[in-house]
Amino acid sequence: MSATTDDRPELRVRDREVLLSVTDLYVHYGNIAAVKGVTLAVGTGEIVTLIGSNGAGKSTTLRTISGLIRPRRGDVVYRGSSIAALPGHRIVAAGICHSPEGRRIFPRMTVRENLDLGAYLRRDAAGVTADLDRVLDLFPRLKERIDQKAGTLSGGEQQMLAVGRALMGDPTLLLLDEPSMGLAPVLVDLIFDTIRTIRDQGTTVLLVEQNALAALRVADYAYVLESGTLKLEGPARDLAKDEEVTRAYLGG
Amino acid sequence: MATTAAPATDTRVKNGDGTGRGGGDGAGVRRRHRLGDRIWPLGFALAAVLVFVLYQWILPQAPAGVSDFFQTWLPMSTINQCVIWATMAVGLNVVVGYAGLLDLGYVAFWAIGGYVAGWLMSGFFGQWQINFFGHPAPGQESGIHLSFWLVLPLAGLFCALWGVIIGAPTLRLKSDYLALVTLGFGEIIPEVFKNGENINGFNLSNGVKGITPLDPISTGPFAYLGVPEELGPFDETWKFVIYVLIATFAVFVSLRIREGRLGRAWLAIREDELAASMMGVPLMRTKLAAYAVGAFIGGIGGVAYASAVGGVAAEDFAFSSSIILLAMVVLGGMGNVWGVMLGALVLQWINSNGLAKAGEAINQAVGKDLNFPSYNFLVFGAILILMMLFRREGLLPETRTRQVLREPDRGGAEPADAELEGERR
């Protein structure tokens, strides 16, 4: 699990150290294949986005990375070792935190209790306190509502809470699943600005989005998924100009 | 128990106006919480002391009319049953109320606990003669005779072990399937005891005859303070003290665990299992812990029950007992220990005494001859339906539940979530 500074080509991606790589991943729900041979890599310090339409297998890929689903074939390698067979809590402990699709905050707990649960596996009380401050700085709205039941927050606030809760696990790699879902445009901008800030503070981000335009604006590199396979990949700036992508996903 | 009811209504009335509000009154929520924290333990202790003083010292001196009234409506044996059932309900609440795992076979742990008491506190295993601070009846020295105080933790641990054995393969199941498996487990264990008089020549449970009588409870050093040296079948008032102590232990343990890390993990699993696992909560281990703690409390409750009725018999452990316990948890307010206690005390009183005596009174008044106790499930069913219609959160709901049932979930109400369902499976 040591982060090597090896110069072998397979350990480098886009001039960065590979933090996470997924190779030839196949994931099935029963007999239905949701992901069919996806290969991707995330370099340290990048924002990588996985875009595609509904049902393309984006969320499934993310859930496989965080250990919620077992792949049928293929491997997930994080900092040089395979995590495909690890249980979810070991993956969180290794530094991969997941902010799930549909937010899935704990509605009957307060904002503070939700954030505390994000730090469930951590034993460094001082670090947790520091991260709580950091999250509340990122999302001042949560500070105002800290003792409120999370179920009473607005959709945007719940999304902030979902992201903040994942950050409380002190992730090296943050997995974000559809953070813009159901949010007003103003809030989408706010969330994506924050994602950039999070990256600038040193956390690598793998972002799954249906809102391809917003995702490409913030990301460094993008993979386009369609029906469980990789359709396209490239630097986000190039893909945003790509005709095919524009037509299919950006409504152009 | 009437004394506990008074503060209950007080708090609820005070809460009444605060609950309808939005989440803005955080300070109010906290103050209410602290008030509830103090009132219930104090009320419980006070009620216990009052009951003890009343039955031990006042009633024997009271005029015949008064003591007859209490003998009829609230005899000591009924109070003891209520307290023991409340202990069990608090144990089941750990599994159902805290961790959100529906358990329809909780009676199995009760049975195991009862039989551990039967094995270790009677002359049943006549082939051995072991006495460790036990109090065998004169002439019954053969068999295993351990002290009641030792049997309690042993039975608890044995049940916890069984909880883990049963839980390990089944807890991977989703809620409905888990409920079915626990239902089967609750049926199998009593059947094993019912038919266990000859397992390859070994008598495990004495079959339908059950194991009886049990050794009396030794009181050790307290004998010097005027407590009888050993508590047999007729020392019900003193046994009440012991059962209250056991119930207090169950309440204390579940409240302490709830406030800690494990309790938060249970809560998270109950709220959203998938999200909890994303936070790094190890699902299996955490659920097994809930099972083990619940089973431990069920086990000590089983020992208490066996000592109260003076033996164990397989037919005491019917499926209906699991359901009654579940009804107690739901009626009282899932997740709130004090609510569950209250629910258990009320339901068990109806079950063991109240309905029969009320029936007699009604029969006398109208000149009919209806067998009211045989309608107890009708009454329970009616109570549950009324509760679901008018007070879904239970008599004394958990603060969290109360708020969510009264306040709409704003985030969830947004249309975006409709789309979510499509991709989830």
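Just so you know, these numbers come straight off a predicted model, no measurement behind them.

### Considering helix H3 (residues 111–118) of chain A
Most of H3(A) sits inside the fold, with seven of its eight residues counted as buried. What H3(A) keeps buried is the set A:Val111, A:Glu113, A:Asn114, A:Leu115, A:Asp116, A:Leu117 and A:Gly118.

### So, the sheet that holds strand E2 (residues 129–132) of chain B
Residues and elements named next belong to chain B. Taken together, three strands build an open sheet; the order of strands is E1-E3-E2 and the sheet is mixed. One side of each edge strand has no neighbouring strand; the edge strands of this open sheet are strand E1 (121–122) and E2. Sheet analysis places E2 next to strand E3 (residues 143–146), joined by four bridges and oriented parallel. Bridged to glutamine 129 within E3 is glycine 143.

### Description of the sheet that holds strand E11 (residues 229–235) of chain A
All names here are of chain A. With mixed pairing, the six strands of this open sheet are ordered in space as E7-E8-E9-E4-E10-E11. With one partner strand each, in any of the chains shown, strand E7 (96–99) and E11 form the two edges of the open sheet. The average undirected angle you get between the axes of adjacent strands in this sheet is 15°. In terms of strand pairing, strand E4 (residues 47–51) meets strand E9 (residues 204–209) through five bridges, oriented parallel. Bridge pairing links threonine 49 to leucine 207 in E9. Of the strands in this sheet, E4, E7, strand E8 (173–177), E9 and strand E10 (221–226) are in contact with helix H1 (residues 58–65), which crosses E8 at around 150°.

### Focus on the confidence of the model for chain B
Residues and elements named next belong to chain B. Across chain B, pLDDT averages 83, with 85% of residues at or above 70. Across residues 1–31, confidence stays below pLDDT 50; counting only partners more than four residues off in sequence or on other chains, it has 32 contacts. Overall, residues 407–425 carries pLDDT values under 50, and its contacts beyond four positions in sequence, including any with other chains, amount to 29 contacts. Interface confidence in the predicted complex, given as ipTM, is 0.88; pTM for the same model is 0.84.

### Notes on the environment of B:Trp110
Residues and elements named next belong to chain B. Secondary-structure assignment places tryptophan 110 in helix H5 (residues 107–120). Residue class for tryptophan 110 comes out buried when judged on the 35 C-beta atoms lying within 10 Å of it. With 248 residues separating them along the chain, tryptophan 110 and alanine 358 place their C-alpha atoms 29 Å apart.

### Quick word on the packing of H5(B) against helix H7 (residues 175–194) of chain B
Residues and elements named next belong to chain B. At a closest axis distance of 8 Å, the pairing of H5 and H7 adopts a crossing angle of 25°. Here H5 is positioned roughly parallel relative to H7, judged by the angle of their axes. The chirality of how H5 crosses H7 is left-handed. For the pair formed by H5 and H7, the contact residues are Val107, Ala108, Ala111, Ile112 and Tyr115 on the first element and Phe185, Gly186, Ile189, Pro190 and Phe193 on the second.

Cut-offs applied
- Residues numbered from 1 in each chain as written.
- Chains lettered and ligands numbered in written order.
- Predicted model: local features only at pLDDT ≥ 70, side-chain atom pairs only at ≥ 80, totals over all residues.
- Buried ≥ 20, exposed ≤ 12 C-beta atoms within 10 Å, placed from the backbone.
- Helix = DSSP H or I, 4+ residues; strand = E, 2+ residues; numbered from the N terminus.
- Pairing = 2+ DSSP bridges.
- Axes fitted to C-alpha atoms, helices over the stretch in contact; angles between N-to-C directions.
- Contact = placed C-beta atoms within 7 Å.
- pLDDT = per-residue confidence, 0-100.
- Parallel < 35°, antiparallel > 145°, perpendicular 65-115°, else oblique.
- Left-handed = near helix turned anticlockwise from the far one by under 90°.

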